[in-house]
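# Notes for the structure review
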Amino acid sequence: MPMIAYCGLDCSKCPTLLATKTNDRTLQEKTAREWSLQFAQFTGRNDLRAEEMVCDGCTADDKARVFLGCRVCPMRRCARDHKFETCAECAEFENCGQLNGFFTQAQDAKERLTALRKNNRR
């Protein structure tokens, strides 16, 4: 069953979440190497360690383990502040600069949130 993040990503497909659930050190190491480069602009770091590749999912409560990139995510923070299950609930969905910028990198996330919006209007 999919675990949809506030931004529309499918956390259930995330290598960090999968490595956490299966305690897969090799996957943690691989993800740390890849994400150190891929997400340096968001995390402010290019030296992520395998030990940091631990996450219970973006929507997990504040006491849970959440990946650094997700902890500092402005979309996550905004959705949590507004008590939304996902950004699809927000009236500013269509005009949100954060989301629209993110969607240029993650079209699948936009499609998921758009589908949630359509389903909630029925």
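This text gives an overview of the structure that appears in the document. (Residues numbered from 1 in each chain as written. Predicted model: local features only at pLDDT ≥ 70, side-chain atom pairs only at ≥ 80, totals over all residues. Heavy atoms only, no water.)

Let's shift gears to the overall build of the protein. Regarding its fold elements, the protein presents seven helices and zero strands. Reading the secondary structure of the protein in the N-to-C direction produces α-α-α-α-α-α-α. Taken over C-alpha atoms, the radius of gyration comes to 14 Å for the protein, in line with the 14 Å a tight globule of 122 residues would show. Along the first, second and third principal axes, the C-alpha atoms of the protein reach 45 × 30 × 25 Å. Here the contacts in the protein between residues at least 6 apart in sequence split such that 47% fall between residues at least 24 apart. Treating the 20 positive side-chain charges of the protein as one cloud and the 17 negative ones as another, the clouds have centres 2 Å apart. (Helix = DSSP H or I, 4+ residues; strand = E, 2+ residues; numbered from the N terminus. Rg over C-alpha atoms; globule rule 2.2 N^0.38 Å. Contact = heavy atoms within 4.5 Å. Lys, Arg positive; Asp, Glu negative; His and termini not counted. Charge placed at Lys NZ, Arg CZ, Asp CG, Glu CD.)

With the rule as written, the count across this model stands at five aromatic pairs. Plain terms: the ring middles of Phe39 and Phe42 are 6.3 Å apart, the flat faces sit at 50 degrees to each other, and that makes the pair tilted. Residue class for Phe39 comes out partly exposed when judged on its relative accessible area of 22%. Residues Phe102 and Phe103 carry aromatic rings whose centres are separated by 6.2 Å and whose planes lie at 50 degrees to one another, so their mutual orientation is tilted. With respect to burial, Phe102 and Phe103 carry one shared label: buried. Through a chain of ring-to-ring contacts, three or more aromatic side chains come together here, namely Trp35, Phe39, Phe42 and Phe67. (Phe/Tyr/Trp six-rings, centres within 6.5 Å; stacked < 30°, edge-to-face > 60°. Buried < 20%, exposed > 50% of the residue type's maximum accessible area, 1.4 Å probe, protein only.)

A word on helix H1 (residues 15-22). Among the residues of H1, Thr16, Leu17, Ala19 and Thr20 are the ones counted as buried. The buried residues of H1 occupy an angular sector of 165 degrees when projected down its axis, which confines them to one face. Those residues of H1 that are exposed and angled more than 90 degrees off the buried face are Lys21 and Thr22. Looking at the buried positions of H1, the neighbouring elements they touch are helix H2 (25-38). Of the residues one or two after H1, Asn23 is the one with positive phi, at around 55 degrees. (Arc of directions from axis to C-beta.)

Turning our attention to the pattern of salt bridges. One pass over the full model with this rule turns up nine salt bridges. Among the ionic pairs, Glu51 bridges to Arg25, the shortest N-O distance being 2.7 Å. Within this pair, whereas Glu51 is found in the loop between helix H3 (40-43) and helix H4 (68-71), its partner Arg25 is found in helix H2, the two being separated by 26 residues in sequence. For Arg25, a relative accessible area of 39% translates into the label partly exposed. In this structure, Asp56 and Arg65 form a salt bridge, with 2.9 Å as the shortest nitrogen-oxygen distance. Several salt bridges share partner residues, and in doing so they unite Arg25, Glu29, Arg45, Asp47, Arg49, Glu51 and Glu52 into one network. (Salt bridge = Lys/Arg side-chain N within 4 Å of Asp/Glu carboxyl O.)

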